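An overview of the molecular structure
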Amino acid sequence: MTRTLRLVLGDQLTRSLSALEGLDPSIDIVLMVEVQAEATYVRHHKQKIAFLLSAMRHFADELQAEGISVDYVRLDDPGNTHSFTGEIRRAIARHQPDQVHVTEPGEWRVWEMMQSWREELDCPLTIHPDTRFIASRAEFSLWAQGRKQYRMEYFYREMRRKTGFLMEGDQPVGGQWNFDPDNRKALPKGQTLPQRLRFETDAITRDVLALVEARFADHFGDLKPFGWAVTRAGALEALDHFIRDCLPDFGDFQDAMKTGESFLYHSVISPYLNAGLLEAREVCERAEAAYRAGSAPLNAVEGFIRQVIGWREFVRGLYWHEMPDYAETNHLDATRPLPWFYWSGETSMNCLSECIAVTRRHAYAHHIQRLMVTGNFALLAGVSPREIEEWYLAVYADAYDWVELPNVHGMVMHADGGLLGSKPYAASGVYINRMSDYCRGCAYDPTIKLGPKACPFNYLYWNFLIENETKLGRNPRMGMPYRTLGNMPPAQRKDISEQAEAFLSALPNAPD
Ligand code: FAD
Ligand code: DLZ
Ligand code: SF4
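Residues numbered from 1 in each chain as written. Chains lettered and ligands numbered in written order. Predicted model: local features only at pLDDT ≥ 70, side-chain atom pairs only at ≥ 80, totals over all residues. Heavy atoms only, no water.

**Comments concerning helix α20 (residues 479–486)**
- When we look at burial in α20, the residues that qualify are Gly479, Pro481, Tyr482 and Leu485. The buried side chains of α20 occupy one side of the element, clustering within an arc of 170° when seen end-on. Looking at α20, the residues exposed on the side facing more than 90 degrees away from the buried face are Met480 and Arg483.
- In this structure, the buried side of α20 is in contact with α18 (456–467), α19 (469–472) and α21 (490–505). (Buried < 20%, exposed > 50% of the residue type's maximum accessible area, 1.4 Å probe, protein only. Helix = DSSP H or I, 4+ residues; strand = E, 2+ residues; numbered from the N terminus. Arc of directions from axis to C-beta. Contact = heavy atoms within 4.5 Å.)

**Quick notes on the pairing of strand β2 (residues 29–33)**
- For β2, a buried count of 5 out of 5 residues is recorded, marking the element as mostly surrounded by other parts of the structure.
- Pairing geometry for β2 and strand β3 (residues 69–73), over 5 bridges, is parallel. Bridge pairing in β3 links Met32 to Tyr72. (Pairing = 2+ DSSP bridges.)

**Notes on the site of ligand 1**
- Taken together, 29 residues sit near ligand 1, with His266, Ser267, Val268, Asn274 and Tyr364 positioned nearest.
- In this structure, an oxygen atom belonging to ligand 1 sits 2.7 Å away from a main-chain N or O atom of Val268.
- A distance of 3.4 Å separates a nitrogen atom of ligand 1 from a polar atom in the side chain of Gln307.
- In the complex, the protein chains occlude 99% of the 810 Å² of accessible area that ligand 1 would expose alone.
- Put simply, the parts of the chain that give the shell around ligand 1 at least two residues each are α9 (270–275), α11 (298–322), α14 (367–381) and α16 (401–412).
- The residue inventory of the shell around ligand 1, partitioned by class, reads 17 nonpolar, 8 polar and 4 charged.
- When residues are assigned to domains, the shell around ligand 1 turns out to be shared by domain 2 (137–322) and domain 3 (341–505), each giving three or more. (Near = heavy atom within 4 Å. Polar contact = N/O pair within 3.5 Å; in protein donor to acceptor, adjacent residues only side chain to side chain. Areas by Shrake-Rupley, 256 points an atom, 1.4 Å probe, with all protein chains shown as cover. Nonpolar A, V, L, I, M, F, W, Y, C, P; charged D, E, K, R; others polar. Domains from an automatic or database assignment.)

**Topic: the packing of aromatic side chains**
- The tally for this structure, following the rule as stated, stands at 32 aromatic pairs.
- Centre to centre, the rings of Phe341 and Tyr342 are 5.3 Å apart; their planes meet at 15°, and the pair counts as stacked.
- Taking relative accessible area as the criterion, Phe341 reaches 2% and is therefore assigned buried.
- Look at Tyr342 and you get buried, because its relative accessible area is 0%.
- In this structure an aromatic cluster arises from ring pairing among Phe341, Tyr342, Phe377, Trp391, Tyr392, Tyr396, Phe457, Tyr459 and Phe503.
- Positioned over the ring face of Trp228 is Arg198, at 5.9 Å from the centre of the ring.
- Over the face of the ring belonging to Tyr364 we find Arg370, whose NZ or CZ atom lies 5.9 Å from the ring centre. (Phe/Tyr/Trp six-rings, centres within 6.5 Å; stacked < 30°, edge-to-face > 60°. Lys NZ or Arg CZ within 6 Å of the ring centre and 35° of its normal.)

These figures capture arrangement, not role.
Here you go:
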């Protein structure tokens, strides 16, 4: 009889995980380890650490209730080496298994660790593919072969064909693959928003909250209110709530932002999907069923499914296909240190202050806040990709390198030179003013282009175009703004550059 040790990582909390396949509860052991290194390789938001540790403990209890032996190492267990490698080594010494089974991880850093285990461990190791995704790593690489640039839209169509979501034969339902142009409405005044489902804490979560408060008090973010589900049952409830109460309006207001409203009509399920409490296929099946039942319109359902089987699968495929070189590129030669207000939230730019406050309070911000506010500013200010990537990886409950890196490095910072997206999403204050109410409470005016009251996004936007003219000026998708820049009097260009330079050089750095 072969005795196996099965490692389950904190973002692999899925009963059908490939590393658990064929598990024999009478002889096999599941290993789960809480280790300090995973909470500190970037200093994660307190809620992210608490969410994962509580979800891990609940998952271990569920496996044990099935009669499976779980060797669970807690953060405060004596002898904990606080690294995956140290803990797997100790577990092999404890259990003397014939084989170790793991599922490929979500981060290159851990993938490299696993490769070293083949040599270093006194036990044969099998690394199984992560089958929770719709496209395997090999499938993406096959699709990517021979392409100089990858475009989500074409990959997404492949995924629609593969899954059959919103398909009628080989044609998309409604005669269109993509309804994005219908999904850009600002929130009308007086719009009543759905009451969002938040979860009560149980004894396990309360223990973890105390542990996190004691060990990680100096990490970014509020620990409470902690409203996350920490079990699959809870995550399914959160999904039900989204499908019933939010999905019908998800499409229309997908890009809208509003002061004091953190979630709007977004699903708020990314931490559950990424930790394994929900699966991509099931959330899309539920969304499509709502469309077929007539309870949600096509633009909303297509928009949601596109995020999940389009963007999410696409960035994951790109990550594994391009790493490790991907993380090293810096196409726009951006080197500015991350302004300190990303951590402190102290800035007179109200849009940034609001989005950072939401992030601090919930370890969450929705896509447009991440892309068009905190991301847009980092792009326009020429922040070093590595520094802004580290911020995004630390502050969001859903952040893992496979999904954070392509979104920040590629989509936001254009540091990959256009591999992921055909142009940077650079925008002036006009965009933020159109899609939000942030400017009403701001010290600056989005309609003013220069001078002390001018919205910094305005002159930073034109300054960004000026500074990157050689690299972006011939990009056909940037034709319009570069034509406007071409017609700009030299004196105006000079004023823009000077005000941008004065503003950027006064940005606060980390205190000593
Ligand atoms: P919804 O708006 O309800 O969308 C539904 C689901 O689609 C999400 O739960 C998510 O799983 C998926 N999705 C949507 N957009 C993307 C995308 N661009 N890439 C991958 N999946 C997507 N998402 C993460 O899961 N982890 C990250 O670390 C992360 N970092 C980001 C950093 C930046 C700068 C940007 C612009 C986006 C980032 N995203 C990340 C994508 C997206 O912002 C979040 O997935 C989304 O905001 C999560 O909230 P939600 O569950 O309410 O999403
Ligand atoms: C994010 C995280 C944290 C904070 N803590 C743990 C942990 O103690 N044990 C664990 O197995 N996983 C943790 N994780 C998630 C890992 O960082 C994640 O599994 C890897 O980054 C691979 O994606
Ligand atoms: Fe942001 Fe500019 Fe609007 Fe202020 S005026 S909230 S800085 S976009």
